[in-house]
Amino acid sequence: MLYPKRIWKGTGLGQKVTLTFDDGPIPGVTDWVLEELAKRALTATFFMVGDNVRKHPSLAQEVLAAGHQLGNHTYHHLSGWKVSTKTYLEDVAACDFILEDTLGVQTDFFRPPYGWISPRQAQALSKQKTIAMWSLLSYDFDSSLATEASLQKCKAQTKPGTILVFHDQEKTKDRLRKILPCYLDFLVSEGFETQGL
Ligand SMILES: [Zn+2]
C-alpha cells in the first residue's frame, strides 16, 4: 500500500461525523469554537500547531478539558513538499513533545498542513501515526466563496462517516463565525452525532 494508515473518512455506521479544527489554539477563535460545540454537546478533533500550544498553553488545556481529541499538525505548520524528510519528522516530533509536555497527551493522529506530504515522509510517519486526511472541506479559508455557499456545500455533502475540516485561526475566523453555528445546528436537527477519529 502506498499510503499505509492514511484515513480519508470515518466509520459509516450510524449518523456520525467527525469535525476537525486545524491550526489552533488561537485566543478569540478556539475558545469561541469550544463554546459553540459545548452549546450543542458536540465534540471535535483539534489538530494543533506546536508553536501555538507553546504560546497559548491554557487554551490548549481548555480544549483537552472539554473532552475533545487532539492531533499533531507539526510545530511550525510546515509544508511537507518544501522541507526535507528529516526536518519534517523533527518538526512533527517537536509538536509531539510540546503536546506531551504541556498537556500530558500522546496522540496517534497526524494531519499534514495543506494536505501536502511527500510519499517518503508519509511512509516514515505512518510507522508511528495515523495520517488523518478528510472527506469534506468547509471552505472556511476560501474568501472567494460566499459563506452561504460554503454552508450549503457542507450541508449537502455531509453524510455518515464524513470527516470535515475547519480552521480555528485568524485568517478564517470571520468566515467561521458565519458558517459554524448554522452548520452545527444543521447537524443537530438532522440527528447527526459526532465521533472521534
Ligand atoms: Zn493547517
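Details of the structure are given in the entry above.
Source: prediction; values computed, not measured.

A. Seen up close, the pairing of strand β8 (residues 163–167). β8 sits mainly inside the fold: 5 of its 5 residues count as buried. Residues I163, V165 and H167 line one face of β8 and the alternating positions L164 and F166 line the opposite face, and both faces are buried. Pairing analysis gives 5 bridges linking strand β2 (residues 16–22) to β8, with the strands arranged parallel. Pairing of T20 across the sheet is with V165, part of β8. Note: strand β7 (residues 136–137) against β8, 2 bridges, orientation parallel. Bridging across to β8, L137 finds its partner in V165. Between β7 and its parallel partner β8, the chain crosses via helix α6 (residues 147–157), and the hand of that crossover is right-handed.

B. Focus on helix α1 (residues 30–39). For α1, the complete set of buried residues consists of T30, V33, L34 and L37. Along α1, the residues classed as buried sweep out an arc of 100 degrees about the axis, all on the same side. When the buried face of α1 is taken as reference, the exposed residues oriented beyond 90 degrees from it are E35 and K39. Buried residues belonging to α1 abut β2, α3 (57–65) and α7 (173–189).

C. Expanded view of unusual backbone geometry. Between G24 and the following residue, P25, the backbone shows a cis peptide bond with an omega angle of 0 degrees. Mapped onto the elements, P25 comes out in the loop between β2 and α1. Look at A41: it is not a glycine, yet its phi comes out positive at around 55 degrees. Tracing the backbone through its elements, the reader meets A41 in the loop between α1 and β3 (45–48).

D. View of the packing of α6 against α7. With their axes 9 Å apart at the nearest point, α6 and α7 run at an angle of 30 degrees to one another. Accordingly, the angle class assigned to the pair α6 and α7 is roughly parallel. Of the two elements, α6 crosses α7, and the hand of that crossing is right-handed. Counted together, T147, S150, L151, C154 and K155 of α6 and R175, K178, I179, C182, Y183 and F186 of α7 form the full contact between these two elements. Residues of the contact of α6 with α7, tallied by class, amount to 6 nonpolar, 2 polar and 3 charged.

E. Fine view of α6. Among all positions in α6, only S150, L151 and C154 are buried. Looking straight down α6, one finds its buried side chains confined to an arc of 95 degrees; they lie on one side. Seen from the open side of α6, the exposed residues pointing more than 90 degrees away from its buried face are E148, Q152, A156 and Q157. On its buried face, α6 is in contact with β7, β8 and α7.

Calculation criteria
- Residues numbered from 1 in each chain as written.
- Predicted model: local features only at pLDDT ≥ 70, side-chain atom pairs only at ≥ 80, totals over all residues.
- Buried ≥ 20, exposed ≤ 12 C-beta atoms within 10 Å, placed from the backbone.
- Helix = DSSP H or I, 4+ residues; strand = E, 2+ residues; numbered from the N terminus.
- Pairing = 2+ DSSP bridges.
- Right-handed = clockwise from strand over helix to strand, strands pointing away.
- Arc of directions from axis to C-beta.
- Contact = placed C-beta atoms within 7 Å.
- Axes fitted to C-alpha atoms, helices over the stretch in contact; angles between N-to-C directions.
- Parallel < 35°, antiparallel > 145°, perpendicular 65-115°, else oblique.
- Left-handed = near helix turned anticlockwise from the far one by under 90°.
- Nonpolar A, V, L, I, M, F, W, Y, C, P; charged D, E, K, R; others polar.

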